Amino acid sequence: MRNLSRYVIALFVVSSLGVCVDSVFAQAGASGPIPARTQINNQAPQSNQVARPPQGWEITEAQQKWVDQILGYWEARSDKIETFSCKFERWEYNPAFVRDPNTPWSQASGEIKYQKPNKAIYSVANVQYYQAPQRQGQQASYVKRGEDPGEYWLCSGKAVFEYDHRNKQVIERKLPEHMQGEAIANGPLPFLFGAKAEKLKQRYWFKPLTPPKDPKTGKFIEGEYWLAAKPKTLQDAQNYDVVELIIDQKEFLPQAMQIYMPGSKERKVFQFYERSVNPRQRFWQGDFIAPDVPRGWKMVRDEANNANNRVGQRRSQGGLQVPVAQRR
């Protein structure tokens, strides 16, 4: 398992800006899970666009200036990215399946590829699920379930393909011309592609978070920017309630993310690594084509796709879901 010991249980105090906030990210020792934060603000937007932030999301002028600077730097960094790839580990926590909110019920590993301006792949493999101890004294384990093909979301620029596990289908949705540059920003992971500051502020409320203290040194962890985002629109609020993000200060790329799902205590934790920006090898040209159809599945072309509303959206049944990562 990759070392997550830096993310400690904390009620984060944004001391430099004078605001107390509770963070999602938390301690995982060498073998421990990532605990949930203590409270979730489930207040969702009541209309398609809400001008005033919900309770707990008001920020000062100084905080807004800090957020604007972070988003501005991030946009400048993103503009220089022609191709990008990374691997990630993902953990899904859901008390409906595992009562302990700090024990993941699913774990997996995955990979992301991106080619500017509008091609991307998000794939998940090695999905394993929690199995309770069979006898006293035994430890819980994680096992695969049958021939699980994992998860897949691909934007070729002109169409989006994704796995529908419930119906055993690979669904192709053609993108209308005006949507061919928007599908990336509406993909399964928010913020990773096309980080345009003004568009992000139109879609989300942001507030700063302070990294936790290193338990060994007692000092705040350095070299990272922490911030939280909450959707302003009903469309985004259907996909997630709150997103908390850690940006690497040196590379100015996301290195960890935690997503709280709407109306529940379900959360999904991502840790990104082996990030590669503009590699010399141009080996992706053949990657952004229709994916293979798993055995026993079928390809379905959704001609009446309503792509404006459905691209990248979370569906309550089947379709793209986000489980969790293979620990190393």
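Bear in mind the structure is a predicted one, so any value in this text is a computation, not a measurement.

K.L.:
For the overall build of the protein, give the residues involved together with the corresponding values.
P.N.:
A tally of regular secondary structure across the protein gives 4 helices and 15 strands. The buried share of the protein, reckoned over its 328 residues, is 50%. Of the contacts formed within the protein by residues at least 6 apart in sequence, a portion of 65% connects residues at least 24 apart. Element-wise, carbon and sulfur atoms account for 46% of the exposed surface of the protein, whose accessible area totals about 16400 Å².

K.L.:
Which residues make up the pairing of strand E9 (residues 169-174), and what values go with them?
P.N.:
The element E9 is largely enclosed, with a buried count of 5 among its 6 residues. In the sheet, strand E8 (residues 159-164) pairs with E9 via 6 bridges, with the strands oriented antiparallel. Residue pairing across strands places Ala 159 opposite Lys 174, the latter belonging to E9.

K.L.:
Can you break down unusual backbone geometry residue by residue, with the values?
P.N.:
Across the junction of Lys 116 and Pro 117, the peptide omega takes the value 10°, indicating a cis bond. Relative to the assigned elements, Pro 117 resides in the loop between strand E4 (106-115) and strand E5 (119-131). Of note in this structure, Asn 126 is not a glycine but carries a positive phi near 55°. Its location among the elements puts Asn 126 in strand E5. Relative accessible area serves as the criterion here: at 37%, Asn 126 is assigned to the partly exposed category. Even without a glycine there, the phi angle at Lys 168 is positive, about 55°. By the secondary structure assignment, Lys 168 is in the loop between E8 and E9.

K.L.:
Help me get a handle on the nonpolar core, residues and values and all.
P.N.:
In this structure, Ile 112, Leu 189, Phe 191, Phe 206, Met 257 and Phe 272 are the most contacted members of the largest nonpolar core, which totals 47 residues. In terms of residue count, E5 provides more of this core than any other element does, 5 residues in total. Those residues in contact with Ile 112 that lie beyond four places of it in its chain are Phe 84, Ser 85, Cys 86, Phe 88, Ile 121, Tyr 122, Leu 189, Leu 192, Phe 193 and Phe 272.

K.L.:
Any chance you could break down the pattern of salt bridges for me, citing the residues and the numbers?
P.N.:
As enumerated under the stated definition, the model contains 16 salt bridges in all. A salt bridge links Arg 275 to Asp 248, with the shortest nitrogen-to-oxygen separation between them at 3.1 Å. Note that Arg 275 is positioned in strand E14 (residues 267-277) and Asp 248 in strand E12 (residues 242-248), a separation of 27 residues in sequence. On the accessibility criterion, Arg 275 (25% relative accessible area) is partly exposed.

K.L.:
How would you explain the packing of aromatic side chains if you had to name every residue and give the values?
P.N.:
Counted by the stated rule, this structure contains 14 aromatic pairs. Arranged with centres 5.6 Å apart and planes meeting at 15°, the rings of Phe 88 and Tyr 122 form a pair that is stacked. Placement of Phe 88 in strand E3 (residues 83-93) and of Tyr 122 in strand E5 is noted, with a sequence separation of 34 residues between them. Assessed through its relative accessible area of 0%, Phe 88 is described here as buried. Judged by its relative accessible area of 3%, Tyr 122 is buried. Note on Phe 88 and Phe 272: the rings are 6.3 Å apart at their centroids and 70° apart in plane angle, and the pair reads as edge-to-face. Here Phe 88, found in strand E3, pairs with Phe 272, found in strand E14; they are 184 residues apart in sequence, far enough to count as distant. Assessed through its relative accessible area of 5%, Phe 272 is described here as buried. Feature note: the residues Trp 66, Tyr 73, Tyr 225 and Phe 252 constitute an aromatic cluster, connected by ring pairs.

K.L.:
So what about the confidence of the model for the protein? Which residues, and what values?
P.N.:
Caution applies to low-pLDDT parts of the model: their predicted coordinates are not meant to be read in detail. In the predicted model, the protein carries a mean pLDDT of 77, and 75% of its residues have values of at least 70. A low-confidence stretch, residues 1-42 stays under pLDDT 50, and its non-local contacts, those more than four residues away or across chains, total 134 contacts. Counted against residues more than four places away or in other chains, residues 306-328, with its pLDDT under 50, gives 100 contacts.

Calculation rules
- For every chain, the first residue of its written sequence is number 1, and the numbers climb from 1 along that sequence.
- The model is predicted, so local features are restricted to residues of pLDDT at least 70 and side-chain atom pairs to those at 80 or more, both for listing and for counting; the totals for chains, interfaces and linings are taken over all residues.
- Hydrogen atoms and water are omitted, and side-chain values are computed over all heavy atoms in the structure.
- Helix numbering and strand numbering both begin at the N terminus, where a helix is a DSSP run of H or I of at least 4 residues and a strand a DSSP run of E of at least 2.
- Accessibility here uses a 1.4 Å probe with only protein chains present; expressed as a share of the type maximum, an area under 20% marks a residue as buried, one over 50% as exposed, and anything in between as partly exposed.
- Contact between two residues is taken to exist if any of their heavy atoms lie within 4.5 Å; hydrogens are not considered.
- Only the protein chains shown count as cover for residues, with accessible areas throughout obtained via the Shrake-Rupley method and a probe of 1.4 Å.
- DSSP calls a pair of strands paired once it identifies at least 2 bridges connecting them.
- We define a nonpolar core as any set of buried Ala, Val, Leu, Ile, Met, Phe, Trp, Tyr and Cys residues linked to one another through side-chain atoms lying within 4.5 Å.
- Salt bridges, as used here, are contacts in which a Lys or Arg side-chain nitrogen is within 4 Å of a carboxyl oxygen on Asp or Glu.
- In summary, the pairing rule links any two rings of Phe, Tyr or Trp, Trp by its six-membered ring, whose centres are within 6.5 Å, and it sorts them by plane angle into stacked for under 30 degrees, edge-to-face for over 60 and tilted for everything else.
- Each residue carries a pLDDT score, the predictor's confidence in it, ranging from 0 to 100.

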